[in-house]
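The lines below spell out each chain.
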Amino acid sequence: MGQKGTDRQIDNIEFAVADIARSKAFYGAAFGWTFTDYGPDYCEFSDGRLTGGLTTGPVRPGGPLVILYAENLLETQSRLQSAGARIVRETFSFPGGRRFHFADPDGYELAVWSDK
């Protein structure tokens, strides 16, 4: 999440992986992605058009985590809850911003981040 996105649009995709080094080797060889490390548990990737992340943790069934950007995190959380979303991970800070995770009505987990 190196650059600020456009309000309420998809901004980032995050893969939970078992081994960041192995995933970097795979995606680098397969697609030519480049990487920026942010500590032992997080690595940003770039495919030349989109950035995303590789993070250690439980591998999520259903694929990567889609992350949207919001100018106002609290307002966006309120809007999501009013629309029927369930907050599954409360807002937390990370280098460069804050984010929370929510589940949509079908149970898909997504996240929203802000640099504010």
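Scroll up a little and you will see the structure.
Remarks on the packing of aromatic side chains
Now for step 1: Under the counting rule described, the total for this entry stands at twelve aromatic pairs.
Now for step 2: Judged by centre distance (6.2 Å) and plane angle (20°), the rings of tyrosine 27 and phenylalanine 31 are stacked. Placement of the pair is tyrosine 27 and phenylalanine 31 together in helix α1 (residues 20–31), with a separation of four residues, close to one helical turn.
Now for step 3: A centroid spacing of 6.1 Å and a plane angle of 50° characterise the contact between phenylalanine 94 and tryptophan 113, whose relative ring orientation is tilted. Pair noted here: phenylalanine 94 is in strand β6 (residues 86–94) and tryptophan 113 is in strand β8 (residues 109–114), with a separation of 19 residues, a long-range link.
Now for step 4: Three or more aromatic residues joined by ring pairs make a cluster, and in this case those are Phe15, Phe26, Tyr27, Phe31, Trp33 and Phe45.
Now for step 5: In this arrangement the basic side chain of arginine 89 is found over the ring face of phenylalanine 92, its NZ or CZ atom lying 3.9 Å from the centre.

Remarks on the sheet that holds β8
Now for step 1: Pairing in this open sheet of eight strands is mixed, and the strands run β2-β3-β4-β1-β5-β8-β7-β6 from one edge to the other. Either end of the sheet is taken by a strand with one partner, and the two such strands are β2 (34–37) and β6. The average undirected angle you get between the axes of adjacent strands in this sheet is 25°.
Now for step 2: Bridge count between strand β1 (residues 9–17) and strand β4 (residues 51–56): five bridges; the pairing is parallel. In the sheet register, valine 17 faces β4, and the bridge partner there is threonine 56.
Now for step 3: Docked against the sheet, α1 engages β1, β2, β3 (42–46) and β4, running at close to 145° with respect to β4.

Looking at α1
Now for step 1: Its twelve residues place the ends of α1 16 Å apart at the C-alpha level, agreeing with the 16 Å of an ideal helix rising 1.5 Å per residue.
Now for step 2: Listed as buried for α1 are Ile20, Ser23 and Tyr27. Each buried residue of α1 sits inside an arc of 60° when the element is viewed along its axis, so together they form one side. Facing away from the buried side of α1 by more than 90 degrees, the exposed set consists of Ala21, Arg22 and Ala29.
Now for step 3: Here α1 starts with a cap whose side-chain oxygen sits 3.0 Å from the backbone nitrogen of alanine 21, and that cap is aspartate 19.

The rules behind the values
Residues numbered from 1 in each chain as written. Predicted model: local features only at pLDDT ≥ 70, side-chain atom pairs only at ≥ 80, totals over all residues. Heavy atoms only, no water. Phe/Tyr/Trp six-rings, centres within 6.5 Å; stacked < 30°, edge-to-face > 60°. Helix = DSSP H or I, 4+ residues; strand = E, 2+ residues; numbered from the N terminus. Lys NZ or Arg CZ within 6 Å of the ring centre and 35° of its normal. Pairing = 2+ DSSP bridges. Axes fitted to C-alpha atoms, helices over the stretch in contact; angles between N-to-C directions. Contact = heavy atoms within 4.5 Å. Expected span 1.5 Å × (residues − 1). Buried < 20%, exposed > 50% of the residue type's maximum accessible area, 1.4 Å probe, protein only. Arc of directions from axis to C-beta. Polar contact = N/O pair within 3.5 Å; in protein donor to acceptor, adjacent residues only side chain to side chain.

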